[in-house]
Amino acid sequence: MPQEVKEIFGSALAAKVRTLGPSMTRSMQRVAAAVAKDPAGCAALTVTGLAELTGTSEATVVRTARLLGYPGYRDLRLALAGLAAQQQSGRSPAITTDIAVDDPLADVVAKLAYDEQQTLADTAAGLDTVQLGAAVAATASARRIDVYGVGASGLVAQDLTQKLLRIGLIAQAHSDPHLAVTNAVQLRSGDVAIAITHSGATGDVIEPLRVAFEHGATTVAITGRPGGAVAQYADHVLTTSTARESELRPAAMSSRTSQLLVVDCLFVGVAQQTYETAAPALAASYEALAHRHRR
């Protein structure tokens, strides 16, 4: 993937470029890199001009614009013009988030905080609210909800399950791949299975989702790779940010941040749709634990 796509930009358009870049073809990546690097220059180009600049075709330029969420190239040009105006407004440049071994702790805190903010912004910009709404509706009415995740994604799966349990839904988190598959076999139409995998290629997560899919359950994938293997068994795909990995900040840390945002969005949407039962259930759980917080 071109280095330009990986750089930090302060706009929703650039966030989409970073998030969707890994799923683009090489020619589409060149177009995306060009518009992210020089929005003002590209805004002045026709579709033919941008194709010539990037060594691609007009069709590739149009496909890239559509993948980024625009109906056509004309709409992308308008967005580029707006981004160029923002960059010319005198905003301070973004700081780097690369952490060195000898960085003072104050710098580490600042860089991590900035990177967390960027990851959340990228995820929010790339999250398809239509897909999210469909996942919310299925989960809110589900007879049973199974959530699959291993490693850092397993922690996120547990977080989602705990939230759903507290509003009175029947949910289980499975990190053991054998138990996940044996439970998935029991799912049917009206049930929901949710797989959480940043790479989109985690076999221990994909296998139970496939089983659930084949048994008629509604399936949801929360992943940083919407074109990954997990997507072929997902009715609904919720995309997380593909944040940069560094030596001192492995991908598991940054991916968990974006996964937790998607989980919270899913949970709040479900709580909204089930408010009449969710609110009393939450109140009951708070009351049941209140005495433990008074000690």
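Model, not experiment: these values are computed from the prediction.

Reading guide: rules and limits
- Residues numbered from 1 in each chain as written.
- Predicted model: local features only at pLDDT ≥ 70, side-chain atom pairs only at ≥ 80, totals over all residues.
- Heavy atoms only, no water.
- Helix = DSSP H or I, 4+ residues; strand = E, 2+ residues; numbered from the N terminus.
- Buried < 20%, exposed > 50% of the residue type's maximum accessible area, 1.4 Å probe, protein only.
- Contact = heavy atoms within 4.5 Å.
- Areas by Shrake-Rupley, 256 points an atom, 1.4 Å probe, with all protein chains shown as cover.
- Salt bridge = Lys/Arg side-chain N within 4 Å of Asp/Glu carboxyl O.
- Core = buried A, V, L, I, M, F, W, Y, C linked by side-chain atoms within 4.5 Å.
- Pairing = 2+ DSSP bridges.
- Right-handed = clockwise from strand over helix to strand, strands pointing away.
- Phe/Tyr/Trp six-rings, centres within 6.5 Å; stacked < 30°, edge-to-face > 60°.
- Lys NZ or Arg CZ within 6 Å of the ring centre and 35° of its normal.
- Axes fitted to C-alpha atoms, helices over the stretch in contact; angles between N-to-C directions.
- Polar contact = N/O pair within 3.5 Å; in protein donor to acceptor, adjacent residues only side chain to side chain.

Caption draft 1: View of the overall build of the protein chain. On a plain count of helices and strands, the protein chain comes out with 14 helices and five strands. Taken across its 295 residues, the protein chain has 45% of its residues classed as buried. Across the protein chain, every contact between residues at least 6 apart in sequence was considered, and the portion connecting residues at least 24 apart equals 70%. Here the protein chain has roughly 14200 Å² of accessible surface; of this, 55% comes from carbon and sulfur atoms.

Caption draft 2: A look at the pattern of salt bridges. Under the definition given, this model contains six salt bridges. Here Arg210 and Glu214 are joined by a salt bridge, their closest N and O atoms 2.8 Å apart. A residue pair is termed a helical-turn pair when its members lie 3 or 4 positions apart in one helix, as Arg210 and Glu214 do in helix α12 (residues 203-214) at four residues. By sharing partners, the salt bridges in this structure join Asp159, Lys163 and Asp264 into a single network.

Caption draft 3: Spotlight on helix α5 (residues 47-54). For α5, the complete set of buried residues consists of Gly49, Leu50, Ala51 and Thr54. One or two positions beyond α5, positive phi appears at Gly55, with a value near 65°.

Caption draft 4: Inspection of the nonpolar core at higher detail. Counting 29 residues, the largest nonpolar core has Ile145, Leu164, Ile194, Ile196, Leu238, Leu266 and Val270 as the members making the most contacts within it. Of all elements in the fold, only α9 (129-140), β1 (145-148), α10 (152-166), β3 (192-197), β4 (218-223) and α13 (251-273) reach the threshold of two or more residues within this core. Ranked by the residues each element gives to this core, the list is headed by α13, at six residues. Apart from the residues lying within four places of it in its own chain, the contact partners of Leu164 are Thr139, Ile145, Leu169, Ala171, Phe267 and Val270. Formed by 20 residues, the second largest nonpolar core is a distinct cluster that contains Val17, Val35, Leu50 and Val61.

Caption draft 5: Representation of the pairing of β3 within the structure. Burial analysis of β3 places six of its six residues in the buried class, the great majority of the element. Of the strand pairs in this sheet, β3 and β4 are connected by six bridges, and their pairing is parallel. Pairing of Val192 across the sheet is with Thr218, part of β4. For the crossover from β3 across α12 to β4, the handedness is right-handed.

Caption draft 6: Looking closely at the packing of aromatic side chains. Counted by the stated rule, this structure contains one aromatic pair. Over the ring of Tyr286 we find Arg166, and its NZ or CZ is 4.8 Å from the ring centre.

Caption draft 7: Representation of the sheet that holds β4. Here five strands make up an open sheet; going across it, the order is β2-β1-β3-β4-β5 and the pairing parallel. The sheet is open, and its two borders are formed by β2 (171-174) and β5 (236-239), each paired with just one other strand. Taking the axes of each pair of neighbouring strands and ignoring which way they run, one obtains an average angle of 15° across the sheet. Relative to β3, β1 is paired through four bridges, and the arrangement is parallel. The residue of β3 that forms the bridge with Tyr148 is Ala195. α10 rests against β1, β2 and β3 of the sheet, and its axis sits at about 170° to β2. Of the strands in this sheet, β1, β3 and β4 are in contact with α12, which crosses β3 at around 160°.

Caption draft 8: Broad picture of the side chain of Lys163. In this fold, Lys163 is placed in helix α10. Those residues within four positions of Lys163 in sequence are excluded, and the remaining contacts are Asp264 and Phe267.

Caption draft 9: Representation of the side chain of Thr223 in the model. Among the structural elements, Thr223 can be located in strand β4. For Thr223, the side chain forms a polar contact with the main-chain nitrogen of Gly200, separated by 3.5 Å. Only 3.0 Å separates the side chain of Thr223 from the backbone nitrogen of Arg225, close enough to count as a polar contact. In this structure Thr223 touches Thr197, His198, Ser199, Gly200, Val230, Val237, Leu238, Thr239 and Thr240, once residues within four positions along its chain are discounted.

The values reported here are purely geometric and, on their own, carry no functional implication.
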